Amino acid sequence: METLDKFDLAILHELQTDGRLSNAELSTRVGLSAAPCWRRVRALEEGGFIKGYRAEIDRHKIGLGVLAFVRLDADRNTGDATSAMEEAIRKLPEIIACHYISGTGTFELQVVARDLDSFSRFALKSLLNLPNVKDMHTSFSLGEIKSSSVLPLGHLSDKAP
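Heads up: these notes are all about the structure in this document. (Residues numbered from 1 in each chain as written. Predicted model: local features only at pLDDT ≥ 70, side-chain atom pairs only at ≥ 80, totals over all residues. Heavy atoms only, no water.)

Grouped together as the largest cluster of nonpolar side chains are 21 residues, with contacts concentrated most on Val70, Leu72, Leu109, Val111, Phe119 and Leu127. Of all elements in the fold, only β1 (66–74), α4 (79–90), β3 (107–113), α5 (116–127) and β4 (133–140) reach the threshold of two or more residues within this core. Ranked by residues supplied to this core, first place goes to β1 with five residues. Discounting chain neighbours no more than four positions away, the residues touching Leu109 are Ala68, Phe69, Val70, Leu72, Ile89, Ile95, Ala97, Cys98 and Leu127. Judged by nonpolar contacts, the second largest core, of 15 residues, contains Leu12, Leu15, Cys37 and Val41. (Core = buried A, V, L, I, M, F, W, Y, C linked by side-chain atoms within 4.5 Å. Buried < 20%, exposed > 50% of the residue type's maximum accessible area, 1.4 Å probe, protein only. Helix = DSSP H or I, 4+ residues; strand = E, 2+ residues; numbered from the N terminus. Contact = heavy atoms within 4.5 Å.)

Here it is as structure tokens:
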């Protein structure tokens, strides 16, 4: 499945908004009968457009009040050194996102912690001891304006939702 039509785009839109929709409700919302809708969802999953389903948890409700943005500078940007750093980063559940970045630094991390003391202990024990770390710069979120994993679909079609 390389080309997405209006039904595929509508399915993607609806499932991004509410991944718990039943097939019956989804088919009603996108204007298909149940069987073709189910087949399209399966094709979108098999084609890699839908990578999975998960619950969105409020980090504050589970006691993770600190969100930090951490830029790590690598000592060396060689293949082996970078791979070791990536592998170590993947093992730390407190790091909820990691990106290679352009400009100053090598990686930009999003890190969650209970409080500033917890973050400080994690940074000293784990982040600064990651392989190949040269330097670390941290900024803290003072308030969340927007947080969404819903991707825009309008560029795929003029008629996308």
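With that out of the way, let us pick up unusual backbone geometry. Backbone geometry places Asn132, a non-glycine residue, at a positive phi of 75°. Assignment of secondary structure puts Asn132 in the loop between α5 and β4.

In sheet architecture, strand pairing relies on hydrogen bonds along the backbone and comes in two forms, parallel and antiparallel. Taken in spatial order, the four strands of this open sheet run β2-β3-β1-β4, and their pairing is antiparallel. The open sheet is flanked by β2 (95–100) and β4, the only strands paired with a single partner. Across this sheet, the average inter-strand angle for adjacent strands is 20°, counted without regard to direction. Bridging between β1 and β3 involves seven bridges; their strand directions are antiparallel. In the strand pairing of β3, Leu67 is matched with Val112. Packing against the sheet, α4 makes contact with β1, β2, β3 and β4, and its axis sits at approximately 20° to β3. (Pairing = 2+ DSSP bridges. Axes fitted to C-alpha atoms, helices over the stretch in contact; angles between N-to-C directions.)

All right, on to the environment of Gln16 then. Assignment of secondary structure puts Gln16 in helix α1 (residues 6–17). By relative accessible area, Gln16 is classed as partly exposed at 26%. Residues Gln16 and Ser149, 133 residues apart in the sequence, show an inter-C-alpha distance of 7.9 Å. With sequence-adjacent residues up to four places away left out, Gln16 is seen in contact with Ser149, Val150, Leu151 and Leu153. A distance of 2.5 Å separates a polar side-chain atom of Gln16 from the backbone nitrogen of Leu151. (Polar contact = N/O pair within 3.5 Å; in protein donor to acceptor, adjacent residues only side chain to side chain.)

This part is about the side chain of Glu86. Looking at the element boundaries, Glu86 is found in helix α4. Ignoring sequence-local partners within four residues, the contact set of Glu86 consists of Tyr100 and Phe107.

Right, let's talk about the pairing of β3 for a bit. With five of its seven residues buried, β3 lies for the most part within the structure. As paired strands, β2 and β3 are joined by five bridges and run antiparallel to one another. Across the sheet, residue Ala97 finds its bridge partner in β3, namely Gln110. The hairpin turn running from β2 into β3, its antiparallel successor, is six residues long, and Gly103 in that turn takes a positive phi close to 80°.

All of the buried residues along α5 are Ser118, Phe119, Phe122, Ala123, Ser126 and Leu127. Taken around the axis of α5, the buried residues stretch over an arc of 135°, which confines them to a single face. With respect to the buried face of α5, the exposed residues turned more than 90 degrees away are Asp117, Leu124 and Lys125. Close packing links the buried residues of α5 with β1, β2, β3 and β4. The N-cap residue of α5 is Asp115: its side-chain oxygen and the backbone nitrogen of Asp117 are 3.3 Å apart. (Arc of directions from axis to C-beta.)

For the structure shown, the criterion picks out nine salt bridges. For the salt bridge of Arg29 with Glu25, the shortest nitrogen-to-oxygen distance reads 2.8 Å. You can see Arg29 and its partner Glu25 sitting in helix α2 (residues 23–30), four residues apart, about one turn around the helix. Of the residues examined, Glu25 reaches a relative accessible area of 34% and is grouped as partly exposed. A salt bridge links Arg90 to Glu86, with the nearest nitrogen and oxygen atoms 3.6 Å apart. Linking Arg90 with Glu86, this pair stays in helix α4, spanning four residues, or about one helical turn. The class of Arg90 is exposed, set by a relative accessible area of 64%. By relative accessible area, which is 18% here, Glu86 ends up buried. Through salt bridges with shared partners, a single network forms among Asp5, Asp8 and Arg40. (Salt bridge = Lys/Arg side-chain N within 4 Å of Asp/Glu carboxyl O.)

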